[in-house]
Amino acid sequence: DTGVSQDPRHKITKRGQNVTFRCDPISEHNRLYWYRQTLGQGPEFLTYFQNEAQLEKSRLLSDRFSAERPKGSFSTLEIQRTEQGDSAMYLCASSFSRNTGELFFGEGSRLTVL
Amino acid sequence: GEDVEQSLFLSVREGDSSVINCTYTDSSSTYLYWYKQEPGAGLQLLTYIFSNMDMKQDQRLTVLLNKKDKHLSLRIADTQTGDSAIYFCAERSGGGNKLTFGTGTQLKVEL
């Protein structure tokens, strides 16, 4: 499968714990995006990378959230000191900067904070 | 600012046509997209349209764009039970690199 892959698919954690999600984009794509989706809502933009550079961050990305893409390939999204309001589906997407801008999404990582 | 709105629900009978509507506010949008999401899954790109076009057809899908009214629609011909899902429209604003999504329209196809 050469699509976008995310790991883990599901994570249940207790409030106050740290969690980390990983995303492996489509190999030839240089842009990588993180979105958050809560029940009944559309995906909300969190941040995006072009190669290893983090070029834009949403106001939704509080200081408890950090994302990295150290070698311009896979990316991690870490949430520190999780809160119940962090419960959501975290979606990763990738794209190639020279195409028409469509994003290709992974299956998502569902976080439940108890 | 960017804002994308959709109606929440649509119910159709199998074999009928479905029309899902979307309005957006950013007049500098360059591309507009339609995505499909099945339960528990990620988003699947269905089609997109460039802002200088007013129609695009792709098999059972027809996209209509009224740039003056900032209105986008997706028509699905001969709707099947497998089309039951949530459909999101999204816009890419001029100069921006991220997509802004609507709240989604849940399509239910009844026998």
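This structure is a prediction, so every number in the text was calculated from the model and none was measured.

Enquirer: Explain the layout of surface pockets to me, please; I cannot follow it from the model alone.
Expert: The probe, sized like a water molecule, is rolled over the atoms to show the empty space still left. Quantified by volume, the largest pocket comes out at close to 570 Å³. Lining the largest pocket are 28 residues, and of these A:Gln37, A:Leu39, A:Gly40, B:Gln37 and B:Ile86 lie nearest its centre. Sorting the residues of the lining of the largest pocket by element identifies strand E9 (88-95) and strand E11 (109-113) of chain A together with strand E9 (85-93) and strand E11 (105-110) of chain B as the ones contributing at least two each. At four residues, the largest contribution of residues to the lining of the largest pocket is made by E11(B).

Enquirer: I would appreciate a short explanation of the state of the cysteines in the present structure.
Expert: Defined simply, a disulfide is a covalent bond joining two cysteines at their sulfur atoms. On inspection of all chains with the given rule, the structure shows two disulfides over all chains. The disulfide partner of A:Cys23 is A:Cys92, and the S-S distance across this bridge is 1.9 Å. Between A:Cys23 and A:Cys92, the disulfide has an S-S torsion of -70° and is therefore left-handed. With A:Cys23 in strand E3 (residues 19-24) and A:Cys92 in strand E9, this residue pair connects regions lying 69 residues apart in the sequence. A relative accessible area of 0% means that A:Cys23 is categorised as buried. Paired by a disulfide, B:Cys22 and B:Cys89 hold their sulfur atoms 1.9 Å apart. Taking the torsion about the S-S bond as the criterion, the B:Cys22 to B:Cys89 disulfide, at about 70°, is right-handed. Taken together, the residues B:Cys22 in strand E3 (residues 18-24) and B:Cys89 in strand E9 connect sequence positions 67 residues apart. A relative accessible area of 2% means that B:Cys22 is categorised as buried.

Enquirer: Got a minute to help me understand the pattern of salt bridges in this structure?
Expert: Applying the stated rule across the entire model yields eight salt bridges over all chains. With a shortest N-O distance of 3.9 Å, B:Lys108 and B:Glu110 are connected by a salt bridge. Exposure remark for B:Glu110: the relative accessible area of 34% places this residue in the partly exposed category. Look at the salt bridges and you will find they share partners, linking A:Arg64, A:Glu83 and A:Asp86 into a network.

So, how was this worked out
Residues numbered from 1 in each chain as written. Chains lettered and ligands numbered in written order. Predicted model: local features only at pLDDT ≥ 70, side-chain atom pairs only at ≥ 80, totals over all residues. Heavy atoms only, no water. 1 Å grid on protein atoms, 1.4 Å probe; cavity = no way out; pocket = protein on both sides within 12 Å on 5 of 7 lines; lining within 4 Å. Points joined across faces, edges and corners; volume = space filled by probe spheres on them. Helix = DSSP H or I, 4+ residues; strand = E, 2+ residues; numbered from the N terminus. Disulfide = S-S within 2.5 Å. Buried < 20%, exposed > 50% of the residue type's maximum accessible area, 1.4 Å probe, protein only. Salt bridge = Lys/Arg side-chain N within 4 Å of Asp/Glu carboxyl O.

The quantities given are spatial measurements derived from coordinates; they are silent on function.
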